[in-house]
Amino acid sequence: KDVYMDKTRVIYIDNGELVIYNISKNKKKVIDNNVDSYICNDDCKKILFLKKNNDLYDVYYYEKKIKKMVDSINKLVDYNIDKKILVYFNDINELCYKDNKNKVVKISNNVNVNYDIKLYDDKYLYYVNNSSELYFVKVSKNKFKEKKLVEYVGGSILEYKNGFIVFSNLDNDYNGDLYLI
């Protein structure tokens, strides 16, 4: 979101400053400087924001005060702001999962940063690797278990009701197999 607004506040970035403007008090509060982007939870009381760090990003969390969550990531791919869970590519493009206790688990270095990766129920991941295979990962504490589910996936993992859809074995006319996961 570029601008978040409710009845009492407006949250936006102005020349790199992450700002919370209180409408009734006509008061501007600068949260931090050199901010590249931000993401809010549903009521925007908790904010993740990214700051450029050379060619990478540092991720911060704000809820009344600022806390650095992780250094030098290449790309943030999924998250649960309320539970402080992140899925991201680190500086050497390894897929990583960071839990709410600040434990980081490196999942794979065989994933294209442009493929879909989905966090499900805060402890499961679905991702498509560089060989177009869909994997299911269960993260527990500082380890993980993964299982290959589908081969020859078209790259996208689409959300559908309480799960996901993937396409496999697509030809030039988009004929292929549909999987509900």
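Since this is a predicted model, take the numbers as computed values, not measurements.

A. Structural view of the overall build of the chain. The helix and strand tally for the chain stands at 0 helices and 18 strands. Along the first, second and third principal axes, the C-alpha set of the chain runs to 55 × 35 × 30 Å. Per-residue burial for the chain yields a buried fraction of 41% across its 181 residues. Long-range pairs, those at least 24 residues apart, make up 23% of the contacts in the chain with a sequence separation of at least 6. Within the chain, one finds 31 positive and 27 negative side-chain charges whose respective centroids are separated by 10 Å.

B. Molecular detail of a nonpolar patch on the surface. Among the surface-exposed residues, Leu 158, Tyr 160, Phe 167, Leu 170, Tyr 174, Leu 178 and Leu 180 lie close enough to one another that they form a single nonpolar patch of about 730 Å² accessible area. Secondary structure elements with two or more residues in the nonpolar patch: strand 16 (158–160) and strand 18 (177–180). Its location among the elements puts Phe 167 in strand 17 (residues 163–168).

C. Broad picture of the state of the cysteines. A full pass over the atoms with the stated rule returns 1 disulfide. Each sulfur of the disulfide joining Cys 40 and Cys 44 lies 1.7 Å from the other. Assigned by exposure class, Cys 40 and Cys 44 land together as buried.

D. Molecular detail of the sheet that holds strand 18. With respect to topology, 3 strands assemble into an open sheet ordered 16-17-18, the strand pairing being antiparallel. The sheet is open, and its two edges are formed by strand 16 and strand 18, each paired on a single side. In this sheet, adjacent strand axes meet at a mean angle of 30° when their direction is disregarded. Bridge count for strand 17 against strand 18 is 4 bridges, and the pairing is antiparallel. Bridging across to strand 18, Phe 167 finds its partner in Leu 178.

E. Representation of the nonpolar core. Judged by nonpolar contacts, the single largest core of 15 residues is most densely connected at Val 87, Leu 95, Tyr 97, Ile 107, Ile 117, Leu 125 and Tyr 127. Counting residues per element, the ones that place at least two in this core are strand 9 (85–90), strand 10 (95–98), strand 11 (104–108), strand 12 (117–120), strand 13 (124–128) and strand 14 (134–140). Residues contacting Tyr 127, with those up to four places away along its chain left out, are Leu 95, Ile 107, Ser 108, Val 111, Asp 116, Ile 117, Glu 133, Leu 134, Tyr 135, Val 137, Glu 146 and Ile 157.

F. Up close: a positive patch on the surface. A grouping of Lys 101, Lys 103, Lys 123, Lys 138, Lys 141, Lys 143 and Lys 145 is seen on the molecular surface, where their side chains present a positively charged patch. Along the chain, the position of Lys 143 falls in strand 15 (residues 143–150).

Basis of the calculations
- Residues numbered from 1 in each chain as written.
- Predicted model: local features only at pLDDT ≥ 70, side-chain atom pairs only at ≥ 80, totals over all residues.
- Heavy atoms only, no water.
- Helix = DSSP H or I, 4+ residues; strand = E, 2+ residues; numbered from the N terminus.
- Buried < 20%, exposed > 50% of the residue type's maximum accessible area, 1.4 Å probe, protein only.
- Contact = heavy atoms within 4.5 Å.
- Lys, Arg positive; Asp, Glu negative; His and termini not counted.
- Charge placed at Lys NZ, Arg CZ, Asp CG, Glu CD.
- Patch = residues over 30% accessible without salt bridge, like charges linked within 9 Å, V, L, I, M, F, W, Y side chains within 5 Å.
- Areas by Shrake-Rupley, 256 points an atom, 1.4 Å probe, with all protein chains shown as cover.
- Salt bridge = Lys/Arg side-chain N within 4 Å of Asp/Glu carboxyl O.
- Disulfide = S-S within 2.5 Å.
- Pairing = 2+ DSSP bridges.
- Axes fitted to C-alpha atoms, helices over the stretch in contact; angles between N-to-C directions.
- Core = buried A, V, L, I, M, F, W, Y, C linked by side-chain atoms within 4.5 Å.

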